[in-house]
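What follows is each chain in one-letter form.
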Amino acid sequence: MKYKIRLFKIIDPTIQSLLFLLITYCINSEEPYFVPYKPVFHILLLWQIVSTVVHFFFKKTTMLKKQRKIHLIVLLVYLVAYLIFNVLIDTKQLSDATPDGDFKYFVYTFSPVVVGLGICFWYAVLCFREIKRIIDKNQHLDF
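Because the structure is a prediction, the values reported are computed rather than measured. (Residues numbered from 1 in each chain as written. Predicted model: local features only at pLDDT ≥ 70, side-chain atom pairs only at ≥ 80, totals over all residues. Heavy atoms only, no water.)

**Q** Before we go on, may I ask you to explain the side chain of Gln-48 in this structure?
**A** Take Gln-48: it is sitting in helix H2 (residues 38–56). For Gln-48, the side chain forms a polar contact with the side chain of Gln-16, separated by 2.9 Å. For Gln-48, the contacting residues outside a window of four places in its chain are Gln-16, His-71, Ile-119, Cys-120, Tyr-123 and Ala-124. (Helix = DSSP H or I, 4+ residues; strand = E, 2+ residues; numbered from the N terminus. Polar contact = N/O pair within 3.5 Å; in protein donor to acceptor, adjacent residues only side chain to side chain. Contact = heavy atoms within 4.5 Å.)

**Q** I keep staring at the packing of aromatic side chains and nothing clicks. Help me out?
**A** Each aromatic ring pair is summarised here by two numbers: the centre-to-centre distance and the angle between the ring planes. Under the defined criterion, the tally for this structure stands at 4 aromatic pairs. With a centroid separation of 6.5 Å and 40° between ring planes, the pair formed by Phe-8 and Trp-47 is classed as tilted. Here Phe-8, found in helix H1 (residues 2–28), pairs with Trp-47, found in helix H2; they are 39 residues apart in sequence, far enough to count as distant. For Trp-47, a relative accessible area of 23% corresponds to the partly exposed category. With a centroid separation of 6.2 Å and an interplanar angle of 75°, the aromatic rings of Phe-20 and Phe-121 are classed as edge-to-face. With Phe-20 in helix H1 and Phe-121 in helix H4 (residues 107–142), the pair connects residues that are 101 residues apart, well separated along the chain. (Phe/Tyr/Trp six-rings, centres within 6.5 Å; stacked < 30°, edge-to-face > 60°. Buried < 20%, exposed > 50% of the residue type's maximum accessible area, 1.4 Å probe, protein only.)

**Q** So what exactly am I meant to see when it comes to the side chain of Lys-9 here?
**A** Residue placement: Lys-9 occurs in helix H1. With a relative accessible area of 11%, Lys-9 lands in the buried category. Contacts of Lys-9, omitting those with residues within four sequence positions, involve His-55, Phe-58, Glu-130, Ile-131 and Ile-134.

**Q** Honestly, the nonpolar core in this entry has me stumped. Any pointers?
**A** Nonpolar side chains tend to gather and get buried jointly when the protein is soluble and globular. Within the largest apolar cluster, 19 residues are counted, with the highest numbers of intra-cluster contacts made by Phe-41, Leu-44, Leu-45, Tyr-78 and Leu-117. Listing elements by their share of this core, those giving two or more residues are H1, H2, helix H3 (63–88) and H4. Of the residues forming this core, the biggest block, 6 residues, is contributed by H4. (Core = buried A, V, L, I, M, F, W, Y, C linked by side-chain atoms within 4.5 Å.)

Quick look at the structure:
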């Protein structure tokens, strides 16, 4: 069982990192090959909720478990605000004339995603800190 827990703790931030890379690619992709970033962002949010819930079933309580509880509360408050924001507020665009043509920036739809990515990055840092603790603990056992 201990091996499966450690395996999950390594796979979890790996998947999160891949999703962060995919979101970055989606946001930076150009018009002919544009990939929508919102489905990937929603998958990242869902993965982090599942990850947090799975970590609550692990018996050992740590300082990071308390931080996960705080993260889950913040994430759930953010999700409620994000849903309300997307339903009630119309999409607004800022446009800027560039030599390549008009550049349109969706202000009200992209800003909450940036806040959400910050919250997701916070959780990814928690996961990497936990991996560091596992590695440090294993190195101390070898000597």
